[in-house]
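Structural characterization, general
So you can see what is in the structure, the chains are spelled out below.
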Amino acid sequence: MITFNILLLSSFLLCLGFLSITMSRRNVISILMAIELIILAAQLNFVCFAHQLQDLSGQVFALFVLTVAAAEAAIGLAIVVIYYRNCGTIYLNKINKLKG
Amino acid sequence: MFYIFSFVLAISAVLVVFSQNPVNSLLFLILAFFNAAGIFLIAGAEFLAMILIIIYVGAVVVLFLFVVMMLNFDMQLLRQELKPYQFISTLISAVVFSEMIFIFYFSKRGEFAKAYISYQDSLSNTHNLGNVLYTHYAYIFQISGLILLVAMVASITLTLQFKHNHKRQHLSNQLQRSPKNSLELVDIKTQDGMGKEETLQ
């Protein structure tokens, strides 16, 4: 029962994160936040099955996913910072040149 | 108890998406992470819950906040959201969500295979994770350390700027100075001073 509830919650977070990526045309930071939400949904999924099967591999993999998510958040923010330095805007509809 | 955590998590995730201010959405993201850590505690992953709070909330979201405060957000422009993909993305996410719920609801809950290598003893969760992480998953552990190193080097390389009007230390110039170039010993009598023609230039 608790497994089903956590899986329901994690799929809801996944779909919400996907919706946020496609619908929020405001700025790049909200897209990065939605990616963090999706990664949180995946971690919830891993931990749920680790709890159900009494297997520790799920928690180990969730830990590594957390490491990689932190690394890509840092690099994504560095890219946002230098893009803002060069172009002066992070409104997503204006970022349409590949040369930027 | 679990229902409180999941309800607040769902609501704060919705508010992350639909909040106008970027700082507000980051604060709701912090709330979502705290509730997710609570759910992790209920599911028995104590180490992962604390690591989530320390690393994710304490470092990554703080980094997000720094960047949000550093960049000037034009709030007038941000309110006019153009949503060209509203219908199709809602449709796709609703379909995916319902598919997953269908799978979870109608799956067999019978016998499962034996757990992969590790199992949970009467020791604490951190102890068990330490037992597994440094023996079976040692290579992956080292590689994740390398990933963090690469991320650090990449962030510094991307954002470091050398400005020309900053005073910097030039180590080779400093080491090449010898007493011959820079010092000059002058014999001065007391109450006599250097004298006007011998002042330093």
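For the structure itself, consult the block above.
Here's a quick rundown of the structure. (Residues numbered from 1 in each chain as written. Chains lettered and ligands numbered in written order. Predicted model: local features only at pLDDT ≥ 70, side-chain atom pairs only at ≥ 80, totals over all residues. Heavy atoms only, no water.)

Structural notes on the overall build of chain A
Along the backbone of chain A there are 3 helices and 0 strands. Secondary structure elements of chain A, listed N to C terminal, follow the sequence α-α-α. The buried share of chain A, reckoned over its 100 residues, is 64%. Across chain A, contacts joining residues at least 24 apart in sequence account for 59% of those joining residues at least 6 apart. Of the roughly 3800 Å² of accessible surface on chain A, a fraction of 69% belongs to carbon and sulfur atoms. (Helix = DSSP H or I, 4+ residues; strand = E, 2+ residues; numbered from the N terminus. Buried < 20%, exposed > 50% of the residue type's maximum accessible area, 1.4 Å probe, protein only. Contact = heavy atoms within 4.5 Å. Areas by Shrake-Rupley, 256 points an atom, 1.4 Å probe, with all protein chains shown as cover.)

Considerations on the interface of chain B and chain A
The interface of chain B with chain A comprises 81 residues on the first partner and 65 residues on the second. Across the chain B to chain A interface the summed buried area is about 6800 Å²; carbon plus sulfur atoms make up 79%. On the chain B side of the interface with chain A, the three residues burying the most area are B:Tyr56, B:Phe64 and B:Phe104, jointly 9% of the side's total. For the interface between chain B and chain A, the tally reads 0 salt bridges. Counting across the chain B and chain A interface gives 6 residue pairs in polar contact (both at pLDDT 80 or more). The biggest single contributor to the side of chain B that touches chain A is helix α3 (residues 46-70) of chain B, with 12 residues. (Buried area = accessible area lost by both parts, 1.4 Å probe. Salt bridge = Lys/Arg side-chain N within 4 Å of Asp/Glu carboxyl O. Polar contact = N/O pair within 3.5 Å; in protein donor to acceptor, adjacent residues only side chain to side chain.)

Some words on the packing of aromatic side chains
Residue and element names in this part refer to chain B. Taken as a whole, this structure holds 6 aromatic pairs over all chains when the rule is applied. Seen from their ring centres, Phe-33 and Tyr-56 are 4.5 Å apart, and the 15° between their planes marks the pair as stacked. Of this pair, Phe-33 sits in helix α2 (residues 22-42) while Tyr-56 sits in helix α3; the two residues are 23 residues apart in sequence, bridging distant segments of the chain. Tyr-56 shares its class with Phe-33; the two are buried. (Phe/Tyr/Trp six-rings, centres within 6.5 Å; stacked < 30°, edge-to-face > 60°.)

Observations concerning helix α3 (residues 57-87) of chain A
When the terminal C-alpha atoms of α3(A) are compared, their 44 Å separation across 31 residues agrees well with the 45 Å that a helix rising 1.5 Å per residue should span. Among the 31 residues that make up α3(A), 22 are buried, leaving the element largely enclosed by the rest of the structure. (Expected span 1.5 Å × (residues − 1).)

Observations regarding the packing of helix α1 (residues 2-18) of chain B against α2(B)
All names here are of chain B. Contact geometry for α1 and α2: axes closest at 8 Å, N-to-C directions at 155°. With respect to their mutual orientation, α1 and α2 come out roughly antiparallel. Judged by the twist between their axes, the crossing of α1 over α2 is left-handed. Between α1 and α2, the contacting residues are Phe-2, Phe-5, Ser-6, Val-8, Leu-9, Ser-12, Leu-15 and Val-16 on the first element and Ser-25, Phe-28, Leu-29, Leu-31, Ala-32, Asn-35, Ala-36, Gly-38, Ile-39 and Ile-42 on the second. Looking at side-chain class alone, the contact of α1 with α2 contains 13 nonpolar, 5 polar and no charged residues. (Axes fitted to C-alpha atoms, helices over the stretch in contact; angles between N-to-C directions. Parallel < 35°, antiparallel > 145°, perpendicular 65-115°, else oblique. Left-handed = near helix turned anticlockwise from the far one by under 90°. Nonpolar A, V, L, I, M, F, W, Y, C, P; charged D, E, K, R; others polar.)

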